[in-house]
Amino acid sequence: MYKIITMDGSAKRAAFTTVHGTVQTPVFMNVGTAAAIKGAVSTEDLEAIGTQVELSNTYHLHVRPGDETVKRLGGLHRFMSWNKPILTDSGGFQVFSLASLRKIKEEGVTFNSHVDGRRIFMGPEESMRIQSNLGSTIAMAFDECIPNPSSREYVEHSVARTTRWLERCKKELARLNALPDTVNPRQLLFGINQGGTYEDIRIAHARQIRELDLDGYAVGGLAVGESHEEMYRILEAVVPELPKEKPVYLMGVGTPANILEAVERGVDFFDCVYPTRNGRHGHVYTNHGKRNLFNAKYQLDERPIEEGCRCPACRRYSRAYIRHLLKAGEMLGMRLCVLHNLYFYNTMMTEIRQAIEEHRYPEYKKQKLAGMEQAQ
RNA sequence: GUGGGUAUGGCGCAGUUGGUUAGCGCGCCAGAUUGUGGCUCUGGAGGUCCAGGGUUCAAGUCCCUGUACCCACC
């Protein structure tokens, strides 16, 4: 159940209640593709840094260890010892990211596994079956994520197919949820809006899929080649077309600035690999901009990544030490950077929620952005 | 002590029968990365080619002397 607590302009402060607990939005979901946050981050760590939703991937878990295995072990929550909400991405993004390894047809997509090369077929029904076996809180519809720019002709063709796939997803998940041995009989389904950078296609698609009365709606196919301005333009066109009484999820986005802008345009859910991937590469987010801890200037810097930060890394370790760990290839270096980044994102979302509640979101956003643009 | 070998950026090396601004890998210094293959990619800095002398229009490359290190033998 989704309940808007208050609004500040188009920015929404809401609560989304699921069988695995209530999510306070806007929220940033922490990406753990293979049921693990990369960088040796445990579920205990996630609890310590205020994670509300963990995100895993259908395709990756199907390939390894296999969704049937996860089901036999009681589902993803039990498997990874995480009792809060989990969202599973459908495998649709892999249609895009593993483009060189796949073939698309009406029935679905054939991949060559990135692990051992074997052929894997995934269509709407397969994706739903896998996600049902995983028992995630929220299942994502199986879609085709197309790169920007793509021709109008291809986008129209692809979006029409994504809509047909969505109808099949809804039907299949309803069937699976009703089965007696289903891991999570109340699994939710979010549909995904596509349409590339064509506003009219986006809007028409949004109007079509809202008729399906899903549990939430995502905007997909953004941050895949287009400029930030185009992304914001599309959000301004599409978000008003989605049901007000349902959460909106902007998939795969993004930088702190992207999130601040998207919240202002009515988005509730986010996810992005940036805090984890950048953390593994020694890039850390702060209120004064992004730092690259590999830089030589931190060699003798005894300050924490960010002064005043309460994350597990900043409470105890210096930039100089973390830089050394990174240079030495020690896993702890990555881990500390990832923990800091996820804490930074989660904390920013807390600030965002508070600012909306207090009806000072525009000022907060302006101040936050100005701080992050400061020269180092 | 005798014989043989090696000496080129921080490290490991390539440099054709002498021929433009001496290359490569790693490292170093920076930058990219948006529903994740701990990857990958893109730039940049850095060398009086062991020292001294000689041959030549031209020497990292050929000759002489010295030095350092390596191997074998005494």
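Please refer to the structure placed before this passage.
Residues numbered from 1 in each chain as written. Chains lettered and ligands numbered in written order. Predicted model: local features only at pLDDT ≥ 70, side-chain atom pairs only at ≥ 80, totals over all residues. Heavy atoms only, no water.

Draft legend 1. Molecular detail of the packing of aromatic side chains. Under the defined criterion, the tally for this structure stands at 14 aromatic pairs. Measuring from centroid to centroid gives 5.9 Å for F16 and F269, while their planes differ by 90°, and the two rings are edge-to-face. A residue pair is termed long-range when its members are at least 10 positions apart, and F16 in strand β2 (residues 11-18) and F269 in strand β14 (residues 269-271) qualify at 253 residues. Residue F16 is classed as buried on the basis of its relative accessible area, which comes to 2%. Pairing F190 with F269 gives two aromatic rings, centres 6.0 Å apart and planes at 85°, and the pair type is edge-to-face. Taken together, the residues F190 in strand β11 (residues 188-193) and F269 in strand β14 connect sequence positions 79 residues apart. Considered together, F190 and F269 belong to a single accessibility category, that of buried residues. Three or more aromatic residues joined by ring pairs form one cluster here, namely Y2, F16, F190, Y249 and F269. (Phe/Tyr/Trp six-rings, centres within 6.5 Å; stacked < 30°, edge-to-face > 60°. Helix = DSSP H or I, 4+ residues; strand = E, 2+ residues; numbered from the N terminus. Buried < 20%, exposed > 50% of the residue type's maximum accessible area, 1.4 Å probe, protein only.)

Draft legend 2. Representation of the protein's contact with RNA strand B within the structure. Close to RNA strand B lie 44 residues; C145, V273, T276, R280 and K327 are nearest. Counting only atoms of RNA strand B within 4 Å of the protein, the fraction found in sugar and phosphate groups is 52%. Side-chain polar atom of K327 to a phosphate oxygen of RNA strand B: 2.3 Å apart, as the coordinates give it. Take the surface near RNA strand B: its biggest share by element is five residues, from helix α11 (residues 274-280). Here the surface near RNA strand B is built from residues that sort into 16 nonpolar, 19 polar and nine charged. (Near = heavy atom within 4 Å. Polar contact = N/O pair within 3.5 Å; in protein donor to acceptor, adjacent residues only side chain to side chain. Nonpolar A, V, L, I, M, F, W, Y, C, P; charged D, E, K, R; others polar.)

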